[in-house]
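Examination of the molecular architecture
Residues per chain, in single letters:
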Amino acid sequence: MELLRKLSDVFGPPGAESEVRDVLIEYITSKMDIPHEIDNLGSLYFVKKGKVDKPVIMLDGHMDEVGLFVVGHTSDGYLQFRGAGGLDPRVLPGKSVLIGKERIPGIIGTTPPHCELRKPITQRDKTTPIEGHAIDIGANSKDEAISIAPKNTRIMFNTQFEDWGETLKGKSFDDRLGCWAIARVFTELETDCTLVASFTMGEEIGMVGARLAARRFKPDLVIELEGTAAGDMPDVANHMVCTKMGGGPVLTFEDRSTIIPRYIRKALEETADIEGIQYQYKGTVTGGTNAGIMQYENGGTKCVVIAAGCRYIHAPVSLMSKSDANNIVKLTKAFIKRIDDGDVVI
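Residues numbered from 1 in each chain as written. Predicted model: local features only at pLDDT ≥ 70, side-chain atom pairs only at ≥ 80, totals over all residues. Heavy atoms only, no water.

1. Description of the overall build of the chain
The helix and strand tally for the chain stands at nine helices and 17 strands. Its C-alpha atoms give the chain principal-axis dimensions of about 70 × 45 × 40 Å. The buried share among the 346 residues of the chain stands at 54%. Within the chain, contacts between residues at least 6 apart in sequence are counted, and of these 77% link residues at least 24 apart. Of the roughly 15,000 Å² that the chain leaves accessible, carbon and sulfur atoms contribute 50%. (Helix = DSSP H or I, 4+ residues; strand = E, 2+ residues; numbered from the N terminus. Buried < 20%, exposed > 50% of the residue type's maximum accessible area, 1.4 Å probe, protein only. Contact = heavy atoms within 4.5 Å. Areas by Shrake-Rupley, 256 points an atom, 1.4 Å probe, with all protein chains shown as cover.)

2. Observations regarding a nonpolar patch on the surface
A surface patch of nonpolar side chains, about 300 Å² in accessible area, is lined by Leu 41, Ile 205, Val 208 and Leu 212. Tracing the chain through its elements places Val 208 in helix H6 (residues 208-217). (Patch = residues over 30% accessible without salt bridge, like charges linked within 9 Å, V, L, I, M, F, W, Y side chains within 5 Å. Salt bridge = Lys/Arg side-chain N within 4 Å of Asp/Glu carboxyl O.)

3. Observations regarding the pattern of salt bridges
Side chains that differ in sign of charge can pair as their charged atoms come close. Under the criterion given, the structure shown has 18 salt bridges. The salt bridge involving Arg 82 is made with Glu 131; its shortest N-O contact spans 3.8 Å. Here Arg 82, found in strand S5 (residues 79-84), pairs with Glu 131, found in the loop between helix H3 (113-116) and strand S8 (134-136); they are 49 residues apart in sequence, far enough to count as distant. Judged by its relative accessible area of 43%, Arg 82 falls in the partly exposed class. Each of Glu 2, Arg 5 and Asp 9 takes part in one network of salt bridges that share partners.

4. A closer look at the pairing of strand S2 (residues 44-48)
Most of S2 sits out of view: four of its five residues are buried. Pairing of strand S1 (residues 36-38) with S2 involves three bridges; the strand directions are antiparallel. Paired with His 36 across the bridge in S2 is Phe 46. Linking two consecutive strands that pair antiparallel, namely S1 and S2, is a turn of five residues; a positive phi of about 110° is found at Gly 42 within it. (Pairing = 2+ DSSP bridges.)

5. Focus: the nonpolar core
One finds Phe 199 and Ile 223 to be the most contacted residues of the largest nonpolar core, which totals 72 residues. By residue number, the principal contributor to this core is helix H5 (residues 173-188), which donates nine residues. With near-sequence residues (within four places) excluded, Ile 223 lies in contact with Ile 57, Met 58, Leu 59, Asp 60, Val 304, Ile 306, Thr 332, Phe 335 and Ile 336. Judged by nonpolar contacts, the second largest core, of 18 residues, contains Ile 99, Ala 139, Ile 155 and Phe 157. (Core = buried A, V, L, I, M, F, W, Y, C linked by side-chain atoms within 4.5 Å.)

Given below as structure tokens:
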């Protein structure tokens, strides 16, 4: 879990993924003597050449996490900000954040209940939009705040990775989990296929790096590895539970951006059955991944999505099952091995 801890803890809002890249480069090059490439957008790639008669398989995951960025400063030294990625403003009040790569500490202010009671009843319990919040960094003036955190400074949540046994806690399992799984599969699997490890930037702000990655390597198959939303919580009706934490790898048949080719999904299910891996379906047609962009490239790129259900995703803290994470690696390896052996034809 040391690699996952490093990936979860580092700074990596959209457009500021360099620390994530550094962790991945250090890990993969410590395991194998192989060069890496960084494209003009900041995505990271490793390529392991296979036989010419075998398919090119891309393992893809995104490096960025949902975060915030500075858009202004108040006269008394608070930071005004906006979201970078899909964030619910209800999760923000009172949260601790780290600002910029220098990790300047700050707190997203919240009104004490004593003051809330003074408001008219019609104004109580209303959700404040993201733009209505501010971050307190202890500055006393606008000039001081600007000198500490100028406009466009990226912000991440101040959440540390913890291993609770079967349950893991972290701030960015979407999609540092996928990055972790790709690094494991890429360095551990012997395959006759050409294997591309694709760590893309900017997924949370519109799948920015995905199109370039698919165009550049023209994969025969993309295996998208992700952390997705788990809905097994008390306030979610059973029929609206998207996935369950600890229910095994999540196989997507359709989401908001992608429809997975049925024969590939069935082959993945067969692989899980052969390996004795419990799996689950994504139970609601929600969310999206880089596959939503990649499927349109090169005349149509075949994609499959394997994920883990993470509670409280796109929030300052998430929870995930350790067995789900390890089974994603196991299932991905076994699936590629079946392609190697000719049991699955792409």
